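Listed here are the chains, written in short residue letters.
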Amino acid sequence: MFTGLVEARAIVRRVVSRGTGLRIGLSPPEGWEPRRGESVCVSGACLSVAELEKGEMLFDLSEETLSRTWLGALRPGDEVNLERAMRLSDRLEGHLVTGHVDGRGRFAAIEDSGDGGRRLTIEVEAGFERYLVDKGSIAVDGVSLTVVSPRGRLFDVAAIPITLEKTTLARAERGAAVNLEADPIGKWIERLLRR
């Protein structure tokens, strides 16, 4: 489990095809001492450190991960958001995030909010809009944010200055893809009510 509070950004050092999947290499952030097998949320997707090699954390991305996320488009030099798995003793300051991406969206509009932040409008894939609850939680590329003004397949989020400073959202561009994870509590309720 994660909180959606991004700890660091990392640069992609390499991307290598492996059958139907990929292996990516990231530079560990300063002060991190990653372990083989450790879970890390990489721009919203829970990945395991497969190997540690020459100052890089290597992750294997399965065909399933590539089909559900935009991570298959990664290239060396790109930047990703990182968060290590939380401990049960940690404070939960964001919201519960599993790192299991539910769908993709894209930035439909980006506006300065006048206070150093930005208002980001995101369009979701058909069917995902049922999880858009005003003032509800959503993870956007692994960042815990609050849904604002949902309308059909569009919703807004407010990215405050510290969020822009610590995450890749500062470089958001209109039309760019994002990984989305709905609030897991809402998904459980939906599943139980469907029975």
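Residues numbered from 1 in each chain as written. Predicted model: local features only at pLDDT ≥ 70, side-chain atom pairs only at ≥ 80, totals over all residues. Heavy atoms only, no water.

### Here we look at the overall build of the chain
To keep it simple, the criterion reads: We count a stretch as a helix when DSSP gives it H or I for four or more residues in a row; a strand needs E for two or more, and each element gets its number in order from the N terminus. For a compact globule the rule gives 2.2 Å times the number of residues to the power 0.38, and the radius of gyration it is set against comes from C-alpha atoms. In what follows, residue pairs with any heavy atoms lying within 4.5 Å of each other are defined as contacts. Every accessible area reported is derived by Shrake-Rupley at a probe size of 1.4 Å, with residue values counting cover from the shown protein chains alone. Just so you know, the count uses Lys and Arg for positive and Asp and Glu for negative, and it drops His and the chain ends. A charged residue contributes its charge at one atom only: NZ of Lys, CZ of Arg, CG of Asp or CD of Glu.
Looking only at helices and strands, the chain has three helices and 13 strands in total. In terms of overall size, the chain behaves like a compact globule, its C-alpha atoms giving a radius of gyration of 16 Å where 195 residues would be expected to give roughly 16 Å. In terms of principal-axis extent, the alpha carbons of the chain reach across some 45 × 45 × 35 Å. Contacts in the chain between residues far apart in sequence, at least 24 positions, make up 69% of those at least 6 positions apart. A total accessible area of about 10,400 Å² is found for the chain, and carbon and sulfur atoms account for 48% of it. Mean positive and mean negative side-chain charge positions of the chain (28 and 30 charges, respectively) differ by 3 Å.

### Brief notes about the confidence of the model for the chain
How we decide: Values of pLDDT, which run from 0 to 100, indicate the predictor's confidence residue by residue.
When pLDDT is averaged along the chain, the result is 94, and 100% of the positions lie at 70 or above. No element of the chain has a lower mean pLDDT than helix H3 (residues 184-194), which averages 87, and none a higher one than strand S8 (residues 118-124), which averages 98.

### A word on the side chain of Ser43
Among the secondary structure elements, Ser43 is positioned in the loop between strand S3 (39-42) and strand S4 (45-53). Setting aside chain neighbours within four positions, we find Ser43 in contact with Trp70, Leu71, Val80, Asn81, Asp141, Gly142 and Asn179.

### What to know about the sheet that holds S4
Rule in force here: Any two strands with at least two DSSP-identified bridges between them are counted as paired. To obtain each axis, a line is fitted to C-alpha atoms, and for helices this fit is confined to the stretch in contact; angles are then taken between N-to-C directions over 0 to 180 degrees.
The sheet built from six strands closes into a barrel, its strands ordered S1-S2-S5-S4-S3-S6 with antiparallel pairing. For this sheet the average axis-to-axis angle between neighbouring strands, irrespective of direction, equals 45°. Pairing between strand S2 (residues 21-26) and strand S5 (residues 56-61): five bridges, direction antiparallel. Bridging across to S5, Ile24 finds its partner in Phe59.

### Things to note about the nonpolar core
Applicable threshold: By convention a nonpolar core is built from buried Ala, Val, Leu, Ile, Met, Phe, Trp, Tyr and Cys residues, the set being connected through side-chain atoms within 4.5 Å. Partly exposed residues are those whose accessible area sits between 20% and 50% of the maximum for their type, while under 20% is buried and over 50% is exposed, using a 1.4 Å probe and protein chains only.
Judged by nonpolar contacts, the single largest core of 22 residues is most densely connected at Phe128, Ile138, Val140, Phe155 and Leu169. Contributing elements (two or more residues each) for this core: S8, strand S9 (137-140), strand S10 (143-146), strand S12 (154-159) and strand S13 (177-182).

### Focus: a nonpolar patch on the surface
Selection rule: Candidate patch residues must exceed 30% relative accessible area and have no salt bridge, after which like charges are joined if within 9 Å and Val, Leu, Ile, Met, Phe, Trp or Tyr side chains if within 5 Å. Just to be clear on terms, a salt bridge is a Lys or Arg side-chain nitrogen sitting within 4 Å of an Asp or Glu carboxyl oxygen.
Residues Met1, Leu92, Leu96, Ile185, Ile189 and Leu193 make up a contiguous nonpolar surface patch of about 580 Å² in total accessible area. Along the chain, Met1 falls in the segment before strand S1 (8-18). Here Met1 falls in the partly exposed class, since its relative accessible area comes to 45%.

### Considering the state of the cysteines
This is how it is decided: Cysteine sulfur atoms that come within 2.5 Å of each other are treated as a disulfide pair.
Tallied over the entire structure, the rule returns zero disulfides. Of the cysteine sulfurs around Cys41, a residue in no disulfide, the closest is that of Cys46, at 6.9 Å. By relative accessible area, Cys41 is classed as buried at 2%.

### Observations concerning the pairing of S12
Pairing geometry for S8 and S12, over six bridges, is antiparallel. Residue pairing across strands places Thr121 opposite Asp156, the latter belonging to S12. Hairpin connection of strand S11 (residues 148-151) to S12: two residues between the antiparallel strands, including Gly152 at a positive phi of 60°.

### So, the pattern of salt bridges
Pairing between side chains of opposite charge can happen when their charged atoms approach one another. Within this structure, the stated rule accounts for 20 salt bridges. Connected through shared salt-bridge partners, Arg9, Glu79 and Arg171 make up one network.

### Describing the environment of Glu111
Within the fold, Glu111 resides in strand S7 (residues 103-112). For Glu111, a relative accessible area of 47% gives the class partly exposed. Counting along the chain gives ten residues from Glu111 to Thr121, while the straight-line C-alpha distance between them is 8.5 Å. Residues in contact with Glu111, not counting those within four places in the same chain, are Gly117, Arg118 and Arg119.

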